[in-house]
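Results of the structural survey
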Amino acid sequence: MEVTSDRQSSAAPTSMELDSSAGAGVDKLPPKPEFAALSAQEMDGKVEFRRIPVPPHRYSPLKKNWMEMYTPVYEQMKIDIRMNLKARKIELKTRRDTPEVGNLQKCADFVHAFMLGFDVADAVALLRLDDLYVESFEIQDVKTLRGEHEKRAIGRLSGKGGKTKFTIENCTRTRIVIADRKIHILGSFVNIKVARDSLCSLILGSPAGKVYSKLRSVTARLAERC
Amino acid sequence: MAPNPSPVGGVLEPLPPAMEALERLRTAAPPYYLTPSPDLARLAREASTHLFSSLLPFCTNPLPLDRLLADESFDAEQIWHQIEVQSRPLLPVLRRDLRRFEKMAPEELLGVKVPQEDGRGGKEEKDLEAEDMEDPGEEEEILEDEQAEGGERNVRRGGGASDSLLEGNESDYSEDGRDDEDKDEDEDEDEDEDEDEDEDEYLIEHEYDPQGDGRENEDPDSGLFAKYDDFFGDKNKKSSQPGDKKKKWRSSNKLEQSDEEKESPGDTDIDDRQADDAELDSQDDETLSTFERQSRKLKSEIEQMEKENLAPKTWAMLGEVSAAKRPKNSALEVDLDFEHNRGPPPIITEESTDIIEDIILKRIREGHFDDVQRAPSLPSKAPKELKELDDNKSKKGLAEIYEEEYAQTTGLASAPLSSSDELKKEAGALFKRLCLKLDALSHFHFAPKPVIEDLSIQANIPALAMEEVAPLAISDAAMLAPEEIFSGKGDVKEEAELTQADRKRRRAKKKRKFKAEEAQKTAKKARGNKNLDRPNVSGLGNHALYVDEERSLFRLDW
């Protein structure tokens with residue numbers, strides 16, 4: 001034992017000495033370098049830009065909720081945001097310390113969702129969760145309705161005081177915006193699908209009760225699965 | 001003197017009284033015959049005796065009797081039978097002769113020789129024949145009356161009457177105290193009373209025949225007043241002969257014919273049949289025994305039944321009969337038997353309605369109705385929690401919802417209460433309070449909680465936090481530990497366990513204690529009542545917890 005240890009101990013310095021040049025390569029490799037993710041800046045160094053137009057009917061809500069919009073974008077997402085009054089557009093720009101590249105897109109989506117008509121509180125979910133989407137479609141994509149029928153279809157979709165819409169929203173954890181002929185749904189993919197199905201059935205003419213019962217069963221199943 | 005124009009000399013002597021008797025009988029008013037009068041009876045007997053004897057020479061066969069025994073001792077039936085015995089074979093002969101005489105011219109009639117045993121002269125013959133004309137006429141009249149009556153009776157009896165029937169009827173019609181003549185003419189009246197109007201008419205016509213013009217009525221050719229013999233001459237014939245039946249049939253046909261065509265004269269067939277019948281009758285007249293009579297009766301019944309069997313059945317016997325096959329309204333007369341599958345309908349009277357109404361009122365008052373109640377289904381398992389669809393605008397933003405969801409899935413936060421409904425919360429709170437109280441009650445006597453399968457969303461928190469093992473409330477009946485209750489030292493013995501020495505020891509101790517106390521008391525009294533020092537108090541408030549020498553705790557209430 002001693003011999004070995006001696007040998008080792010003796011060998012060690014000798015090996016160390018001998019292998020000083022080689023041991024560094026064999027025994028003691030330098031630790032792998034760990035590179036942090038590239039920031040947007042470092043990646044290309046370019047500043048990315050987004051411009052989102054503001055429709056006139058969202059002008060005053062934007063004015064009201066500007067700070068609520070601005071704060072998460074600027075502070076959490078680290079994206080510069082400003083309103084170009086002349087052009088009536090919101091402009092988004094990456095900063096140097098923007099952590100991820102995707103933040104800009106998320107902020108753009110967030111602003112776009114707000115412009116579509118969603119609440120800030122709802123649109124903020126886009127910033128926080130990755131897998132939320134906005135889907136838009138028109139009534140005439142489902143069924144061509146003219147005149148009175150169209151109006152009635154819109155009424156059916158909303159329900160009395162909007163309760164049908166709220167019901168669907170609450171059941172499927174989505175947010176729905178009905179803007180004349182266009183319908184926008186914000187939520188996760190599966191939930192969007194369920195909400196879209198119920199909205200389509202409403203457009204096609206089924207009564208609200210039927211839609212509710214279907215919703216109930218579907219969401220129960222979904223909840224079970226999760 | 002007498003209506004008899006030329007009485008015969010030899011016979012004249014007994015004649016006048018007899019003829020007189022006849023005359024008187026004839027002229028007697030009908031009402032006299034209604035009541036039995038001995039006078040009329042006597043006359044009748046005389047007359048019948050005379051007639052019998054006068055007819056005797058005309059009888060071709062020798063008769064067992066040579067004179068009529070019609071004394072007072074003989075009753076009507078016997079007299080009648082005697083007459084019958086004579087007249088039966090005689091009648092056809094007389095009838096034949098009569099017909100012959102009718103055909104002949106009146107001048108020829110005078111020259112007819114009368115067959116007599118005495119062998120009288122022509123004049124006598126003439127007279128005789130005139131007399132005979134009369135007598136036989138009268139006799140015939142009377143006899144034919146009798147026969148006619150018999151015939152009438154039998155005509156009325158209907159077709160196919162037997163000989164024995166005829167005889168029986170004739171015997172039935174005899175009554176005590178009445179004579180033949182009376183009987184005959186009474187029978188007429190009896191028949192008037194007893195039988196139909198048709199018969200009455202017929203009889204009346206016949207009765208009002210004063211002088212023997214009955215002959216015209218009795219003309220067989222006319223067929224109007226046909227007698228029994230015209231139809232059924234086979235009174236005494238035996239039914240074994242096949243020809244009889246034919247004749248009987250023929251005679252029955254004849255009867256029908258005559259009934260229908262009363263006024264159609266000139267039936268030559270009747271003459272022939274009558275002749276044949278007369279011959280046959282004469283044979284079997286006296287040879288009838290009871291057995292023969294009975295058998296004849298039976299055979300007639302059999303014939304009747306066979307005739308009925310051959311005839312077409314009544315509609316009621318035909319099986320299935322439609323309305324077309326039976327006469328109108330005939331179903332009303334027949335007692336039809338239906339199988340009624342239902343009971344008779346209840347008869348609604350005032351009483352029944354009252355009863356029903358009483359029941360109804362009683363039920364209403366009691367509230368005891370027979371409503372069908374759904375059977376309560378036992379809750380075998382907890383009712384499924386239906387997710388209630390909230391149709392209000394959600395207060396949380398979408399981001400918050402997802403945040404919560406995420407937190408749940410990663411387990412950072414506790415699960416929120418499911419089905420957060422205000423009412424439910426309130427109900428839950430109330431129930432909790434109630435349960436608390438109940439548990440407090442029930443924890444004195446522990447009973448395990450019944451297990452109900454609850455299909456509710458469970459909060460993901462440790463079970464210990466949910467359940468409480470210790471009881472919420474306990475009685476302080478057993479709060480003190482035993483040693484707190486009693487802190488004694490050594491061996492504690494009961495009264496029963498003490499030995500004598502122990503008892504002595506205890507008593508000594510007691511005495512010492514008592515003495516010590518007494519000493520203290522006196523010392524206290526000596527000191528005075530000023531210093532009301534409390535004894536050693538352990539400092540527990542107003543309740544004096546007095547610590548004794550023996551160091552036992554007990555309370556003293558001031």
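Residues numbered from 1 in each chain as written. Chains lettered and ligands numbered in written order. Predicted model: local features only at pLDDT ≥ 70, side-chain atom pairs only at ≥ 80, totals over all residues. Heavy atoms only, no water.

Identification of chain B as U3 small nucleolar ribonucleoprotein protein MPP10 from Spirodela intermedia is taken from an unreviewed UniProt entry. What UniProt records for chain B under Sequence similarities (unreviewed entry) is the sentence "Belongs to the MPP10 family." Taken verbatim from the UniProt record of chain B, the Subcellular location (unreviewed entry) comment is "Nucleus, Nucleolus". (UniProt positions renumbered as here; feature names shortened; annotations may be inferred.)

Chain A is annotated in an unreviewed UniProt entry as PNO1 second type I KH domain-containing protein from Spirodela intermedia. As recorded by UniProt, the Sequence similarities (unreviewed entry) comment attached to chain A reads in full: "Belongs to the PNO1 family."

As a further point, take the overall build of chain A. Helices and strands together make up the secondary structure of chain A, namely 12 helices and 6 strands. By the burial criterion, 38% of the 226 residues in chain A qualify as buried. With the model as given, the accessible surface of chain A reaches about 13900 Å², and the carbon-plus-sulfur share is 54%. (Helix = DSSP H or I, 4+ residues; strand = E, 2+ residues; numbered from the N terminus. Buried < 20%, exposed > 50% of the residue type's maximum accessible area, 1.4 Å probe, protein only. Areas by Shrake-Rupley, 256 points an atom, 1.4 Å probe, with all protein chains shown as cover.)

The next subject is the interface of chain B and chain A. On the side of chain A, 23 residues touch chain B, which itself brings 16 residues to the contact. Counting the surface lost from both chain B and chain A, the interface buries some 1700 Å², and carbon and sulfur atoms represent 61% of this. The largest per-residue losses of area from chain B upon contact with chain A belong to Leu389(B), Leu398(B) and Tyr402(B), which jointly make up 39% of the total buried on that side. At the boundary of chain B with chain A, the tally comes to 2 salt bridges. A salt bridge links Arg128(A) to Glu403(B); its shortest N-O distance comes to 3.0 Å. Where chain B touches chain A, the interface holds 10 residue pairs in polar contact (both at pLDDT 80 or more). (Contact = heavy atoms within 4.5 Å. Buried area = accessible area lost by both parts, 1.4 Å probe. Salt bridge = Lys/Arg side-chain N within 4 Å of Asp/Glu carboxyl O. Polar contact = N/O pair within 3.5 Å; in protein donor to acceptor, adjacent residues only side chain to side chain.)

As a further point, take the sheet that holds strand β4 (residues 132-138) of chain A. All names here are of chain A. Pairing is antiparallel in the open sheet, where 3 strands are placed in the order β4-β6-β5. Both outer strands of the open sheet, β4 and β5 (175-179), are each paired with one neighbouring strand and no more. Neighbour-to-neighbour, the strand axes of this sheet turn through a mean angle of 15°, independent of strand direction. As paired elements, β4 and strand β6 (residues 182-188) share 7 bridges and run antiparallel to each other. Bridged to leucine 132 within β6 is serine 188. Most of the contacts of helix α11 (residues 189-204) go to β6, to which it runs at about 150°, and overall it touches β4, β5 and β6. (Pairing = 2+ DSSP bridges. Axes fitted to C-alpha atoms, helices over the stretch in contact; angles between N-to-C directions.)

What follows concerns a positive patch on the surface. Judged by side-chain charge, Arg507(B), Lys510(B), Lys511(B), Lys513(B) and Lys515(B) come together as a positively charged surface patch. Along the chain, the position of Lys513(B) falls in helix α22 (residues 500-527). (Patch = residues over 30% accessible without salt bridge, like charges linked within 9 Å, V, L, I, M, F, W, Y side chains within 5 Å. Lys, Arg positive; Asp, Glu negative; His and termini not counted. Charge placed at Lys NZ, Arg CZ, Asp CG, Glu CD.)

Residue and element names in this part refer to chain A. The backbone phi angle of arginine 88 is positive, close to 55°, even though this residue is not glycine. Mapped onto the secondary structure, arginine 88 falls in the loop between β2 (79-84) and β3 (89-94). By relative accessible area, which is 41% here, arginine 88 ends up partly exposed.

On to the confidence of the model for chain A, then. All names here are of chain A. Per-chain confidence: chain A averages 85 in pLDDT, with 85% of residues scoring 70 or above. Taken element by element, chain A is modelled with least confidence in helix α1 (residues 2-18), mean pLDDT 47, and with most confidence in β4, mean pLDDT 95. In the predicted structure, residues 1-20 sits below a pLDDT of 50 and forms 13 contacts with residues beyond four places in sequence or in another chain. (pLDDT = per-residue confidence, 0-100.)

We now examine the side chain of Thr172(A). All names here are of chain A. Following the sequence through the fold, threonine 172 ends up in helix α10 (residues 163-172). A distance of 2.6 Å separates a polar side-chain atom of threonine 172 from the backbone oxygen of isoleucine 168. In terms of polar contacts, threonine 172 uses its side chain to reach the side chain of threonine 174, at 2.8 Å. In contact with threonine 172, other than residues within four places in its own chain, are Asn191, Val194, Ala195, Leu215 and Thr219.

Take the pattern of salt bridges next. Residues and elements named next belong to chain A. All told, the structure shown has 25 salt bridges over all chains when counted by the stated rule. Of the charged contacts, one joins arginine 51 and glutamate 91 as a salt bridge, the two residues approaching to 3.6 Å between their closest N and O atoms. Taken together, the residues arginine 51 in strand β1 (residues 49-53) and glutamate 91 in strand β3 connect sequence positions 40 residues apart. Between arginine 175 and glutamate 169 there is a salt bridge, with the nearest N and O atoms lying 4.0 Å from each other. Each of the two residues, arginine 175 as well as glutamate 169, counts as buried. Overlapping salt bridges, with partners in common, bring together Asp122, Lys165, Glu169 and Arg175 in one network.

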